[in-house]
Each structure stands twice: as structure tokens, then as C-alpha cells.
Amino acid sequence: MTFDKVKDIIVETINCSAEDVTLEANLKEDLDADSLDAVELNMALEEAFGLSISDEDLMGFVTVKDIVDYIDSHLE
């Protein structure tokens, strides 16, 4: 499942608690991700899923669900 892989990447990249990473979790407000975290997260997601995520798309990621939905829609 995409969520489990994304969750692992977020926990490793942002150094947050796995319990905090839910589909509804806000990357900035709930997980305290800053702009550097966003860049590192983007690189880790691109490598893990073999995707290229544009800066515009990256800016649209507000919740964990946004990331999961984006990946699911681009892997089809």
C-alpha cells in the first residue's frame, strides 16, 4: 500500500513519530515539516517511487493524503 511506504519515508525524512503520520496529518502543522524537510521528502519520494515531482506539485502537498493521492495517480 502506498500509504505505508510514504509513512516510512516521512518518518525517516522528517524525524517525526510514526503515530503522528496519518492520512489527515498536515505536513507543516501536525508534523512540523519545514522547507528543507519538503525538499528532502521530495527527493526521497522521487527515488522510492521512480517519479519526478514538480515544484508546483510539491507546493500542493498539504496533507499526507495529498502525497499518497498524487503518487497513486502518477503510478497508474
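See above for the structure.
Residues numbered from 1 in each chain as written. Predicted model: local features only at pLDDT ≥ 70, side-chain atom pairs only at ≥ 80, totals over all residues. Heavy atoms only, no water.

### With respect to the overall build of the protein chain
Now for step 1: In terms of regular secondary structure, the protein chain is built from four helices and zero strands.
Now for step 2: Moving toward the C terminus, one meets the helices and strands of the protein chain in the order α-α-α-α.
Now for step 3: Taken over the C-alpha trace, the protein chain has a radius of gyration of 11 Å; the compact-globule value for 76 residues is 11 Å, and the two agree within 12%.
Now for step 4: A principal-axis box enclosing the C-alpha atoms of the protein chain has dimensions of 30 × 25 × 20 Å. (Helix = DSSP H or I, 4+ residues; strand = E, 2+ residues; numbered from the N terminus. Rg over C-alpha atoms; globule rule 2.2 N^0.38 Å.)

### Focus on the environment of Glu24
Now for step 1: Among the secondary structure elements, Glu24 is positioned in the loop between helix 1 (2-14) and helix 2 (35-49).
Now for step 2: Accessibility expressed as a relative area gives 62% for Glu24, which makes it exposed.
Now for step 3: Through-space distance from the C-alpha of Glu24 to that of Asp66 is 9.0 Å; in sequence the pair is 42 residues apart.
Now for step 4: Apart from the residues lying within four places of it in its own chain, the contact partners of Glu24 are Asp30 and Thr63. (Buried < 20%, exposed > 50% of the residue type's maximum accessible area, 1.4 Å probe, protein only. Contact = heavy atoms within 4.5 Å.)

### Some details on the layout of surface pockets
Now for step 1: Taken as a whole, the largest pocket holds about 340 Å³ of empty space.
Now for step 2: Looking at the largest pocket, it is lined by 15 residues, and the ones nearest its centre are Lys28, Ala38, Leu58, Met59 and Phe61.
Now for step 3: Among the elements of the structure, helix 2 and helix 3 (55-59) are those that each provide at least two residues to the lining of the largest pocket.
Now for step 4: Here the lining of the largest pocket gets five residues from one element, more than from any other, and that element is helix 2.
Now for step 5: Tallied by class, residues from the lining of the largest pocket come to ten nonpolar, two polar and three charged. (1 Å grid on protein atoms, 1.4 Å probe; cavity = no way out; pocket = protein on both sides within 12 Å on 5 of 7 lines; lining within 4 Å. Points joined across faces, edges and corners; volume = space filled by probe spheres on them. Nonpolar A, V, L, I, M, F, W, Y, C, P; charged D, E, K, R; others polar.)

### Quick word on the side chain of Thr2
Now for step 1: On the secondary structure map, Thr2 appears in helix 1.
Now for step 2: In this structure, Thr2 is in contact with Phe49, Val68, Ile71 and Asp72, ignoring residues within four places of it in sequence.

### Describing unusual backbone geometry
Now for step 1: Positive phi outside glycine occurs at Asn15, with the angle close to 60°.
Now for step 2: Within the secondary structure layout, Asn15 lies in the loop between helix 1 and helix 2.
Now for step 3: The backbone of Asp32 sits at a positive phi, close to 55°, despite the residue not being glycine.

Purely geometric stuff here, so don't read any function into it on its own.
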